[in-house]
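# Examination of the molecular architecture
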Amino acid sequence: MAEGNLRVVVTGAGGWLGLATLEMLLGLFGADFDRRVACFGSNARALTLRGGMRIAQRPLSEIGEIQRAPSLVLHLAYLTQEKAVGMSSETYAAANRAISQQVLEALDPIGAQGVFLASSGAAWRTDDPTAPASVRLYGALKVEDEDRFTAWAEEAGAAAVIARVFNLAGPYINKRSSYVLACLIADALADRPFAIRSAKPVYRSYVAISELMSVVFGALTRPSPGVVRFDTAGEGVYEASEIADAVAVALNRPRGAQRPPQSEEIEDRYVGDGVTYAALCRDFGVERVTFSEQIRQTARFMAECT
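This section reports on the structure supplied with the text. These figures come from a predicted structure and were not determined experimentally. (Residues numbered from 1 in each chain as written. Predicted model: local features only at pLDDT ≥ 70, side-chain atom pairs only at ≥ 80, totals over all residues. Heavy atoms only, no water.)

## A short note on the overall build of the protein chain
Under the convention used in this document: Here a helix means four or more residues in a row that DSSP labels H or I, a strand means two or more in a row labelled E, and each is numbered from the N terminus. Using C-alpha atoms as the atom set, the radius of gyration is obtained and then compared with a globule rule of 2.2 Å times the number of residues to the power 0.38. Accessible area is worked out with a 1.4 Å probe on protein chains only. A residue is then buried under 20% of its type maximum, exposed over 50%, and partly exposed in between. Any two residues whose heavy atoms approach within 4.5 Å are treated as being in contact.
Across its full length, the protein chain holds ten helices and 15 strands. Its C-alpha radius of gyration of 19 Å places the protein chain within 12% of the 19 Å reference for a compact globule of 306 residues. Its C-alpha atoms put the protein chain at 60 × 45 × 40 Å along the principal axes. By the burial criterion, 50% of the 306 residues in the protein chain qualify as buried. Taking as baseline every contact in the protein chain between residues at least 6 positions apart, the subset at least 24 positions apart corresponds to 78%.

Written as C-alpha coordinates, this is what we have:
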(Lines give C-alpha, C1' and ligand atoms only; values in the text may rest on other atoms or scores of the structure.)
Protein backbone atom coordinates (compact mmCIF):
# COMPACT_ATOMS: atom_id res chain seq x y z
CA MET A 1 0.00 0.00 0.00
CA ALA A 2 2.69 2.49 0.97
CA GLU A 3 4.91 1.76 -2.01
CA GLY A 4 2.13 1.70 -4.60
CA ASN A 5 0.06 4.54 -5.96
CA LEU A 6 -3.48 3.38 -5.26
CA ARG A 7 -5.93 6.02 -4.06
CA VAL A 8 -8.22 5.09 -1.19
CA VAL A 9 -11.78 6.43 -1.36
CA VAL A 10 -13.72 6.23 1.90
CA THR A 11 -17.49 6.64 2.16
CA GLY A 12 -19.00 7.14 5.61
CA ALA A 13 -15.61 8.49 6.62
CA GLY A 14 -16.91 10.15 9.80
CA GLY A 15 -18.06 6.92 11.45
CA TRP A 16 -16.14 4.73 13.90
CA LEU A 17 -14.63 2.44 11.28
CA GLY A 18 -13.99 5.34 8.93
CA LEU A 19 -12.10 7.54 11.39
CA ALA A 20 -10.02 4.68 12.73
CA THR A 21 -9.07 3.70 9.18
CA LEU A 22 -8.19 7.28 8.27
CA GLU A 23 -5.82 7.39 11.23
CA MET A 24 -4.17 4.19 9.98
CA LEU A 25 -3.85 5.62 6.46
CA LEU A 26 -2.37 8.85 7.79
CA GLY A 27 0.31 6.84 9.54
CA LEU A 28 0.91 4.87 6.34
CA PHE A 29 0.91 7.69 3.76
CA GLY A 30 2.22 10.59 5.87
CA ALA A 31 2.68 13.75 3.80
CA ASP A 32 1.11 11.98 0.80
CA PHE A 33 -2.20 11.49 2.63
CA ASP A 34 -4.14 14.32 0.97
CA ARG A 35 -3.22 13.10 -2.51
CA ARG A 36 -3.99 9.46 -1.85
CA VAL A 37 -7.16 9.60 0.27
CA ALA A 38 -10.60 11.00 -0.62
CA CYS A 39 -13.38 11.13 2.00
CA PHE A 40 -17.13 11.27 1.52
CA GLY A 41 -20.11 11.39 3.86
CA SER A 42 -23.62 12.71 4.25
CA ASN A 43 -22.41 16.33 4.03
CA ALA A 44 -19.36 18.51 3.61
CA ARG A 45 -17.48 18.96 6.87
CA ALA A 46 -14.07 18.69 8.46
CA LEU A 47 -13.18 15.43 10.22
CA THR A 48 -10.73 15.70 13.10
CA LEU A 49 -8.36 12.93 14.12
CA ARG A 50 -6.47 12.59 17.37
CA GLY A 51 -3.58 15.00 17.36
CA GLY A 52 -5.64 17.66 15.60
CA MET A 53 -5.32 16.56 11.96
CA ARG A 54 -8.32 17.91 10.02
CA ILE A 55 -9.53 16.13 6.90
CA ALA A 56 -11.99 17.48 4.35
CA GLN A 57 -15.06 15.35 3.79
CA ARG A 58 -17.13 15.92 0.66
CA PRO A 59 -20.82 15.08 0.18
CA LEU A 60 -21.40 11.55 -1.08
CA SER A 61 -23.32 13.02 -4.01
CA GLU A 62 -19.97 14.23 -5.39
CA ILE A 63 -18.18 10.88 -5.35
CA GLY A 64 -18.54 10.41 -9.10
CA GLU A 65 -16.91 13.77 -9.79
CA ILE A 66 -13.39 12.97 -8.58
CA GLN A 67 -10.67 12.42 -11.15
CA ARG A 68 -10.34 8.91 -12.51
CA ALA A 69 -7.42 7.07 -10.91
CA PRO A 70 -6.67 3.51 -9.74
CA SER A 71 -8.65 3.31 -6.50
CA LEU A 72 -9.74 1.11 -3.64
CA VAL A 73 -13.18 2.07 -2.31
CA LEU A 74 -14.05 1.47 1.33
CA HIS A 75 -17.84 1.62 1.42
CA LEU A 76 -18.77 2.34 5.04
CA ALA A 77 -21.69 4.74 4.47
CA TYR A 78 -25.05 3.49 5.74
CA LEU A 79 -28.01 4.44 7.89
CA THR A 80 -27.63 2.07 10.82
CA GLN A 81 -30.44 0.00 12.30
CA GLU A 82 -31.00 2.55 15.08
CA LYS A 83 -32.18 4.96 12.36
CA ALA A 84 -34.69 2.39 11.15
CA VAL A 85 -36.58 2.63 14.45
CA GLY A 86 -37.60 6.24 13.80
CA MET A 87 -38.43 5.85 10.08
CA SER A 88 -40.95 3.93 8.04
CA SER A 89 -39.46 0.76 6.61
CA GLU A 90 -40.05 2.07 3.08
CA THR A 91 -38.25 5.36 3.74
CA TYR A 92 -35.37 3.66 5.50
CA ALA A 93 -34.90 1.08 2.75
CA ALA A 94 -35.10 3.71 0.01
CA ALA A 95 -32.50 5.90 1.72
CA ASN A 96 -29.99 3.07 2.08
CA ARG A 97 -30.56 1.79 -1.45
CA ALA A 98 -29.93 5.32 -2.74
CA ILE A 99 -26.61 5.47 -0.85
CA SER A 100 -25.47 2.16 -2.30
CA GLN A 101 -26.59 3.12 -5.81
CA GLN A 102 -24.54 6.32 -5.67
CA VAL A 103 -21.45 4.34 -4.78
CA LEU A 104 -22.07 1.57 -7.31
CA GLU A 105 -22.57 4.04 -10.15
CA ALA A 106 -19.30 5.80 -9.28
CA LEU A 107 -17.06 2.72 -9.12
CA ASP A 108 -16.24 2.41 -12.82
CA PRO A 109 -15.98 6.16 -13.59
CA ILE A 110 -13.52 6.86 -10.76
CA GLY A 111 -11.31 3.86 -11.58
CA ALA A 112 -12.15 1.48 -8.74
CA GLN A 113 -10.09 -1.71 -8.77
CA GLY A 114 -11.59 -3.06 -5.59
CA VAL A 115 -14.27 -2.35 -2.99
CA PHE A 116 -14.65 -3.20 0.67
CA LEU A 117 -18.23 -3.48 1.87
CA ALA A 118 -18.68 -3.29 5.63
CA SER A 119 -21.70 -5.55 5.98
CA SER A 120 -23.12 -6.62 9.34
CA GLY A 121 -23.70 -9.67 11.47
CA ALA A 122 -27.36 -8.66 11.25
CA ALA A 123 -27.31 -10.18 7.75
CA TRP A 124 -27.58 -13.57 9.46
CA ARG A 125 -30.84 -12.52 11.18
CA THR A 126 -33.04 -11.57 8.23
CA ASP A 127 -35.27 -14.63 8.78
CA ASP A 128 -34.94 -14.77 12.57
CA PRO A 129 -38.43 -14.37 14.10
CA THR A 130 -36.89 -13.47 17.47
CA ALA A 131 -35.02 -10.47 16.02
CA PRO A 132 -36.60 -6.99 16.13
CA ALA A 133 -38.14 -5.84 12.85
CA SER A 134 -35.51 -3.10 12.51
CA VAL A 135 -32.71 -5.68 12.75
CA ARG A 136 -34.36 -7.96 10.15
CA LEU A 137 -34.79 -5.02 7.75
CA TYR A 138 -31.25 -3.79 8.29
CA GLY A 139 -29.89 -7.29 7.73
CA ALA A 140 -31.95 -7.82 4.58
CA LEU A 141 -30.65 -4.57 3.09
CA LYS A 142 -27.09 -5.58 3.92
CA VAL A 143 -27.63 -8.89 2.09
CA GLU A 144 -28.86 -6.90 -0.92
CA ASP A 145 -25.67 -4.85 -0.83
CA GLU A 146 -23.49 -7.93 -0.53
CA ASP A 147 -25.06 -9.31 -3.70
CA ARG A 148 -24.88 -6.01 -5.61
CA PHE A 149 -21.21 -5.32 -4.90
CA THR A 150 -20.30 -8.96 -5.53
CA ALA A 151 -22.00 -8.75 -8.94
CA TRP A 152 -20.05 -5.57 -9.76
CA ALA A 153 -16.73 -7.20 -8.88
CA GLU A 154 -17.47 -10.33 -10.90
CA GLU A 155 -18.55 -8.31 -13.94
CA ALA A 156 -15.64 -5.86 -13.71
CA GLY A 157 -13.00 -8.47 -12.91
CA ALA A 158 -12.23 -6.48 -9.77
CA ALA A 159 -11.77 -7.28 -6.09
CA ALA A 160 -14.54 -7.21 -3.51
CA VAL A 161 -14.16 -7.84 0.21
CA ILE A 162 -17.46 -8.47 2.00
CA ALA A 163 -17.11 -8.53 5.78
CA ARG A 164 -20.03 -9.21 8.07
CA VAL A 165 -18.82 -7.12 10.98
CA PHE A 166 -19.87 -8.27 14.43
CA ASN A 167 -17.97 -6.72 17.37
CA LEU A 168 -15.06 -4.28 17.01
CA ALA A 169 -12.65 -2.68 19.45
CA GLY A 170 -10.24 0.18 19.17
CA PRO A 171 -10.00 3.96 18.85
CA TYR A 172 -12.90 6.17 17.70
CA ILE A 173 -15.49 3.91 19.31
CA ASN A 174 -18.92 5.55 19.37
CA LYS A 175 -22.34 4.73 20.86
CA ARG A 176 -20.60 4.27 24.18
CA SER A 177 -23.84 3.65 26.03
CA SER A 178 -24.89 0.87 23.64
CA TYR A 179 -21.89 -1.42 23.25
CA VAL A 180 -21.12 -3.93 26.01
CA LEU A 181 -17.37 -3.31 25.89
CA ALA A 182 -17.68 0.47 25.87
CA CYS A 183 -20.08 0.46 28.83
CA LEU A 184 -17.75 -1.69 30.92
CA ILE A 185 -14.68 0.37 30.02
CA ALA A 186 -16.61 3.52 30.93
CA ASP A 187 -17.32 1.99 34.35
CA ALA A 188 -13.63 1.25 34.82
CA LEU A 189 -12.53 4.74 33.77
CA ALA A 190 -15.04 6.28 36.18
CA ASP A 191 -13.87 4.03 39.06
CA ARG A 192 -17.38 2.70 39.60
CA PRO A 193 -18.49 -0.92 39.95
CA PHE A 194 -19.04 -2.78 36.69
CA ALA A 195 -22.73 -2.89 35.80
CA ILE A 196 -24.25 -5.46 33.44
CA ARG A 197 -27.86 -4.65 32.65
CA SER A 198 -28.82 -7.91 30.94
CA ALA A 199 -30.22 -10.78 32.97
CA LYS A 200 -29.76 -13.23 30.10
CA PRO A 201 -26.39 -14.56 28.91
CA VAL A 202 -24.62 -12.18 26.51
CA TYR A 203 -21.83 -13.49 24.28
CA ARG A 204 -19.44 -11.42 22.17
CA SER A 205 -16.17 -11.90 20.29
CA TYR A 206 -13.98 -8.90 19.45
CA VAL A 207 -11.65 -7.90 16.64
CA ALA A 208 -9.41 -4.83 16.63
CA ILE A 209 -10.14 -2.43 13.77
CA SER A 210 -6.43 -2.28 12.92
CA GLU A 211 -6.42 -6.07 12.50
CA LEU A 212 -9.60 -6.10 10.43
CA MET A 213 -8.44 -3.40 8.04
CA SER A 214 -5.06 -5.08 7.61
CA VAL A 215 -6.95 -8.18 6.42
CA VAL A 216 -9.18 -6.05 4.19
CA PHE A 217 -6.27 -4.32 2.46
CA GLY A 218 -4.48 -7.65 2.11
CA ALA A 219 -7.51 -9.12 0.34
CA LEU A 220 -8.02 -6.03 -1.84
CA THR A 221 -4.43 -5.97 -3.09
CA ARG A 222 -3.71 -9.68 -3.58
CA PRO A 223 -2.42 -10.57 -7.07
CA SER A 224 -5.57 -12.41 -8.19
CA PRO A 225 -8.67 -10.21 -7.73
CA GLY A 226 -11.93 -11.83 -6.75
CA VAL A 227 -14.59 -11.86 -4.08
CA VAL A 228 -13.69 -12.59 -0.45
CA ARG A 229 -16.43 -13.02 2.16
CA PHE A 230 -16.03 -13.53 5.89
CA ASP A 231 -17.45 -12.87 9.35
CA THR A 232 -15.33 -11.00 11.84
CA ALA A 233 -14.53 -12.98 14.97
CA GLY A 234 -11.88 -12.81 17.66
CA GLU A 235 -9.85 -15.67 19.03
CA GLY A 236 -12.16 -16.02 22.04
CA VAL A 237 -15.88 -15.83 22.81
CA TYR A 238 -16.71 -14.06 26.08
CA GLU A 239 -19.86 -13.81 28.18
CA ALA A 240 -20.55 -10.32 29.58
CA SER A 241 -19.24 -11.20 33.04
CA GLU A 242 -16.05 -12.50 31.45
CA ILE A 243 -15.73 -9.27 29.47
CA ALA A 244 -16.03 -7.33 32.73
CA ASP A 245 -13.29 -9.47 34.29
CA ALA A 246 -11.05 -8.96 31.25
CA VAL A 247 -11.55 -5.18 31.45
CA ALA A 248 -10.74 -5.28 35.17
CA VAL A 249 -7.48 -7.16 34.57
CA ALA A 250 -6.42 -5.06 31.56
CA LEU A 251 -7.11 -1.75 33.33
CA ASN A 252 -6.09 -2.83 36.84
CA ARG A 253 -9.51 -2.51 38.44
CA PRO A 254 -11.30 -4.73 41.00
CA ARG A 255 -13.10 -7.68 39.45
CA GLY A 256 -16.80 -8.41 39.85
CA ALA A 257 -19.94 -6.96 38.28
CA GLN A 258 -23.40 -5.98 39.45
CA ARG A 259 -26.09 -7.79 37.50
CA PRO A 260 -29.80 -8.64 37.70
CA PRO A 261 -30.69 -12.22 38.67
CA GLN A 262 -30.08 -14.60 35.77
CA SER A 263 -33.15 -15.29 33.65
CA GLU A 264 -33.93 -18.24 31.41
CA GLU A 265 -34.37 -16.09 28.33
CA ILE A 266 -32.72 -17.08 25.05
CA GLU A 267 -29.09 -16.02 25.14
CA ASP A 268 -27.92 -12.90 23.32
CA ARG A 269 -25.17 -14.33 21.09
CA TYR A 270 -23.71 -11.97 18.49
CA VAL A 271 -20.67 -13.92 17.33
CA GLY A 272 -19.46 -14.58 13.81
CA ASP A 273 -17.97 -17.73 12.33
CA GLY A 274 -14.27 -16.92 12.51
CA VAL A 275 -12.82 -19.79 10.44
CA THR A 276 -12.36 -17.84 7.20
CA TYR A 277 -11.21 -14.70 8.99
CA ALA A 278 -8.56 -16.61 10.94
CA ALA A 279 -7.31 -18.19 7.72
CA LEU A 280 -7.04 -14.77 6.07
CA CYS A 281 -5.03 -13.45 9.03
CA ARG A 282 -2.61 -16.33 8.55
CA ASP A 283 -2.47 -15.91 4.77
CA PHE A 284 -1.64 -12.19 4.98
CA GLY A 285 0.66 -12.44 7.99
CA VAL A 286 -1.62 -10.28 10.14
CA GLU A 287 -0.77 -10.63 13.82
CA ARG A 288 -3.86 -11.07 15.97
CA VAL A 289 -4.46 -8.35 18.56
CA THR A 290 -5.15 -9.89 21.95
CA PHE A 291 -8.38 -9.05 23.73
CA SER A 292 -6.41 -7.38 26.54
CA GLU A 293 -4.68 -5.10 24.06
CA GLN A 294 -7.99 -4.33 22.36
CA ILE A 295 -9.36 -3.23 25.73
CA ARG A 296 -6.34 -1.02 26.42
CA GLN A 297 -6.50 0.62 22.98
CA THR A 298 -10.21 1.31 23.36
CA ALA A 299 -9.83 2.62 26.91
CA ARG A 300 -6.95 4.88 25.91
CA PHE A 301 -9.12 6.54 23.27
CA MET A 302 -12.13 6.85 25.59
CA ALA A 303 -9.97 8.45 28.29
CA GLU A 304 -8.42 10.90 25.83
CA CYS A 305 -11.63 11.79 24.00
CA THR A 306 -14.39 12.06 26.58
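## Here's the deal with the sheet that holds strand β7 (residues 159-165)
Counted only if it meets this: Two strands qualify as a pair provided that DSSP identifies no fewer than 2 bridges between them. An axis is simply a line fitted to the C-alpha atoms; with a helix, the fit covers only the stretch in contact. Between two such axes, the angle follows the N-to-C directions and lies from 0 to 180 degrees.
Within the open sheet, the eight strands sit side by side as β3-β4-β2-β1-β5-β6-β7-β12. Their pairing is mixed. Both edges of this open sheet fall to β3 (45-48) and β12 (227-231), since each of them pairs with a single strand only. On average, each strand axis in the sheet is tilted by 25° relative to the strand beside it, whichever way the strands run. Where strand β6 (residues 112-120) and β7 come together, seven bridges link them in parallel fashion.

## Notes on the side chain of aspartate 231
To keep things clear, this is the line we draw: Counting rule for charge: Lys and Arg are taken as positive, Asp and Glu as negative, and neither His nor the chain ends is counted. By definition here, a salt bridge exists when the distance from a side-chain nitrogen of Lys or Arg to a carboxyl oxygen of Asp or Glu is within 4 Å. Definition of a polar contact: a pair of N or O atoms within 3.5 Å, with one able to donate and the other able to accept a hydrogen when the atoms are protein atoms, and with sequence-neighbouring residues admitted only if both atoms are side-chain atoms.
Turning to its location among the elements, aspartate 231 is positioned in strand β12. With no salt bridge to any partner, buried aspartate 231 finds its closest opposite charge in arginine 164, at an N-O distance of 5.0 Å. At 3.1 Å, the side chain of aspartate 231 forms a polar contact with the side chain of tryptophan 124. A polar side-chain atom of aspartate 231 sits 3.0 Å from the main-chain amide nitrogen of aspartate 273.

## Side note on the nonpolar core
How we decide: Here the nonpolar core consists of buried residues drawn from Ala, Val, Leu, Ile, Met, Phe, Trp, Tyr and Cys, with membership extended through side-chain atoms lying within 4.5 Å.
Of all hydrophobic cores here, the largest spans 67 residues; its most connected members are Leu22, Phe116, Leu212, Phe230 and Val247. Among the elements that line this core, the one with the most residues is helix α7 (residues 209-220), at eight residues. Filtering out sequence-adjacent residues up to four positions away, leucine 212 remains in contact with Leu17, Val165, Leu168, Val207, Phe230, Thr232 and Tyr277. Of all hydrophobic cores here, the second largest spans 23 residues; its members include Val9, Leu60, Ile63 and Ala106.

## Description of helix α8 (residues 240-250)
Along α8, the positions that sit buried rather than exposed are Ala240, Ile243, Ala244, Ala246, Val247, Ala248 and Ala250. Two or three places before serine 241, at the start of α8, stands the capping residue glutamate 239, its side-chain oxygen 2.9 Å from that residue's backbone nitrogen. Trailing α8 by a residue or two, asparagine 252 shows a phi angle of about 60°, which is positive.

## Topic: the pairing of β7
As a reminder of what qualifies: By convention, a crossover is right-handed whenever its connection, traced from the first strand over the helix to the second and viewed with the strands pointing away, goes clockwise.
Counting buried residues along β7, seven of its seven residues qualify, which places the element largely inside the surrounding structure. Side-chain alternation along β7 places Ala159, Val161, Ala163 and Val165 on one buried face and Ala160, Ile162 and Arg164 on a second face that is also buried. Regarding topology, helix α5 (residues 133-156) serves as the crossover connection from β6 to the parallel β7, and that connection is right-handed. Pairing of β7 with β12, which is carried by five bridges, proceeds in the parallel orientation. The residue of β12 that forms the bridge with alanine 163 is phenylalanine 230.

## Observations regarding the sheet that holds strand β15 (residues 268-270)
Judged by pairing direction, the sheet is mixed, and its three strands sit side by side in the order β13-β10-β15 without closing on themselves. Edge positions in the sheet fall to β13 (238-239) and β15, since each of these pairs with one other strand and no more. One ladder, built from three bridges, connects strand β10 (residues 202-204) with β15; its direction is parallel. Looking at β15, one finds that valine 202 is bridged to aspartate 268.

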